[in-house]
Amino acid sequence: MKTKLALFDLDGTLFDTRKINYSAYLKALLEYGYKIDYDFFSNCCNGKHYKEFLPAIVQSPTIIEEIHRKKKDYYSMFLSEAIVNEALFSIIEEIRDTYYIALVTTASRKNTVEILDYYKKNALFDLLITQEDVQKKKPDPEGFLTAMRWFKMQPRDTVIFEDSDV
């Protein structure tokens, strides 16, 4: 019987997806005449919600939404560029019998499922909480609290693996 809960972030924790996200955003931006430098993306955009960084590059809210939609479509083209955190996936394998395993991410459900399927990791998770499942994005704890309520777990029975300040 599972008596604990382990929550995992996707981008930067389970996978280094910097190159995937950069390549997908670059491809989408180029279609509208914009370009983004890899170092700028890594330092100022990576790990942030698109509404936080795209307005500094693109001023039109309509184009921002179109670029984000296209980025999600292009994401699957660059999945091979991810770096898998094999050590953390080994931990998941070891604790699966006593911990519920949930993924809590600000990534879209589409891109989350794509990367988990590509690396054959989807079956490891009992629950996926993505940007579509919450009103408030991280660092707000809504996603973590939603997962805890789902499994009826208290904070003392929950561990979170996250690379951002939360």
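Residues numbered from 1 in each chain as written. Predicted model: local features only at pLDDT ≥ 70, side-chain atom pairs only at ≥ 80, totals over all residues. Heavy atoms only, no water.

## A closer look at the nonpolar core
- With 41 residues, the main nonpolar core has L14, F15, L54, I115 and F125 as its most contacted residues.
- Of all the secondary structure elements, the ones that give two or more residues to this core are β1 (4-8), α1 (18-30), α2 (38-45), α3 (50-53), α4 (61-74), α5 (86-95), β4 (99-104) and α6 (109-118).
- In terms of residues, this core owes the most to one element, α1, which gives 7 residues.
- Core analysis: the second largest hydrophobic core is formed by 12 residues, L7, V104, F144 and A147 among them. (Core = buried A, V, L, I, M, F, W, Y, C linked by side-chain atoms within 4.5 Å. Buried < 20%, exposed > 50% of the residue type's maximum accessible area, 1.4 Å probe, protein only. Helix = DSSP H or I, 4+ residues; strand = E, 2+ residues; numbered from the N terminus.)

## Some details on the sheet that holds strand β6 (residues 158-161)
- A sheet is described by the order of its strands in space; here 4 strands give the open sequence β5-β4-β1-β6, paired in parallel fashion. Each edge of the sheet is formed by a strand with only one pairing partner; in this case those strands are β5 (127-129) and β6. Across the sheet, the axes of successive neighbouring strands diverge by a mean angle of 20°, strand direction being ignored.
- Pairing geometry for β1 and β4, over 5 bridges, is parallel. (Pairing = 2+ DSSP bridges. Axes fitted to C-alpha atoms, helices over the stretch in contact; angles between N-to-C directions.)

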